Amino acid sequence: MDTGSDTATRREDFGTLGDGTAVHRWTLERDGTRVRVLTYGAIVQSVEVPDRQGARSGVALGLPDLASYRMYTGPYFGALVGRYANRIGGAAFELDGRTHRVTRNEGRNHVHGGARGFDKRVWDARQTADGVELSLVSADGEEGFPGRLELSVSYALDEGGALRIAYRATTDAPTVLNLTNHTYWNLAGADSGSALGQRLRIAAGRITPADAESLPTGEFLPVDGTRFDFREPQPVAKGYDHNFVLDEGVAGPAAELYDEASGRVLTVTTTEPGLQLYTADHFDGRPFGPCAGIALETQHFPDSPNRPEFPSTVLRPGQEYVSTTVYGFSVR
């Protein structure tokens, strides 16, 4: 264990893939927060924080072993999702006059990086002063995406125990890129059942409404008078898998989740323009029941490569993709 910084860090074995590739687990601990990160999928396996009585327990849905993560791939428990988080309609996009066809893995569409996205890769890892940095090279043409991509993600615990996730990437050819972390939160406890009823605030006056395939229609819908108005805290109900357009220039967190019973508060601060709220209605009890966790995915908008009216996700040679999201924890 490293004791040379304010974050205590240790590494341990977590299993081996069929081809012999070793997977490791990194544990970070600081100011009451304990986070475990896997080199498989850059997965946040667990986040443990205290309640208002000081009792620490897990608040992120995770699985106990590597075999379970290999079995339950669809929910993307805690994974780093890419190259393109969310959906690309028709599994194709045009860039600089050329059409690129990417993997279809949700009907006719592409979702969350394809058949073997970043959530199913083993990342290289190195210890940093306040956590761990994972890195990966994605080859030109992988899942249909152009450009050789070099990327890294750092998981760090800041003062007060906040979890900071920072992404960086470069490419050798024009491409599109949209990364997110897919952790499901349940502030009452990861094993407490449904997370519905926890109170959520999102600093967003608009959403991008979606069609039956969960693809954006291209409109910007004001949340006034709708069930999407979380500008003041509201209990979370079922039925959400929607992109919220975060208000620009707003001081404070983009989102806040609060569990009255435990007193735990989660704040989300991000450089991203959107937040996908997903209530996991379709969990079937294997291994978690419906709405057992709430995903708050900071990202660019769905299908942006096909929507010029949306913020661009294009990354070109000589540019650097930089994105940061901080999850803060407190009690009240």
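Above: the structure in question.
Residues numbered from 1 in each chain as written. Predicted model: local features only at pLDDT ≥ 70, side-chain atom pairs only at ≥ 80, totals over all residues. Heavy atoms only, no water.

Caption draft 1: Quick look at the pattern of salt bridges. Applying the stated criterion to the full structure yields 23 salt bridges. Across the pair R36 and E48 runs a salt bridge, and its minimum N-O distance is 2.6 Å. Separated by 12 residues along the polypeptide, R36 in strand β3 (residues 33-38) and E48 in strand β4 (residues 44-50) bring together distant segments of the chain. Accessibility classification places R36 together with E48 in one group, the buried group. For E106, the salt bridge goes to R87, with nearest N and O atoms at 2.7 Å. Residue E106 is located in the loop between β9 (98-101) and β10 (110-111), and its partner R87 is located in strand β7 (residues 87-88); the two are separated by 19 residues in the primary sequence. Its relative accessible area of 9% is what places R87 among the buried residues. (Salt bridge = Lys/Arg side-chain N within 4 Å of Asp/Glu carboxyl O. Helix = DSSP H or I, 4+ residues; strand = E, 2+ residues; numbered from the N terminus. Buried < 20%, exposed > 50% of the residue type's maximum accessible area, 1.4 Å probe, protein only.)

Caption draft 2: Structural view of the sheet that holds strand β5 (residues 56-58). Overall, antiparallel pairing links the 5 strands, which are arranged β1-β2-β3-β4-β5 in an open sheet. Looking at strand neighbours, the two that pair on one side only are β1 (8-16) and β5, the edges of this open sheet. The sheet shows a mean angle of 15° between the axes of neighbouring strands, direction not considered. The pairing of β4 with β5 spans 3 bridges and is antiparallel. Paired with P50 across the strands is R56, a residue of β5. (Pairing = 2+ DSSP bridges. Axes fitted to C-alpha atoms, helices over the stretch in contact; angles between N-to-C directions.)

Caption draft 3: Quick look at the packing of aromatic side chains. Evaluated as defined, the whole model comprises 15 aromatic pairs. Between the aromatic rings of F220 and F310, the centroid separation amounts to 5.6 Å while the plane-to-plane angle is 70°, which identifies the pairing as edge-to-face. In this pair, F220 is assigned in the loop between β19 (206-208) and β20 (221-222) and F310 in the loop between β26 (294-299) and β27 (314-315), connecting sequence segments 90 residues apart. A relative accessible area of 4% means that F310 is categorised as buried. Between F228 and F244, the ring centres sit 6.3 Å apart and the planes meet at 65°, which makes this aromatic pair edge-to-face. In this pair, F228 sits in the loop between β20 and β21 (234-235) while F244 sits in strand β22 (residues 241-245), placing the two residues 16 residues apart along the sequence. The class of F228 is buried, set by a relative accessible area of 10%. (Phe/Tyr/Trp six-rings, centres within 6.5 Å; stacked < 30°, edge-to-face > 60°.)

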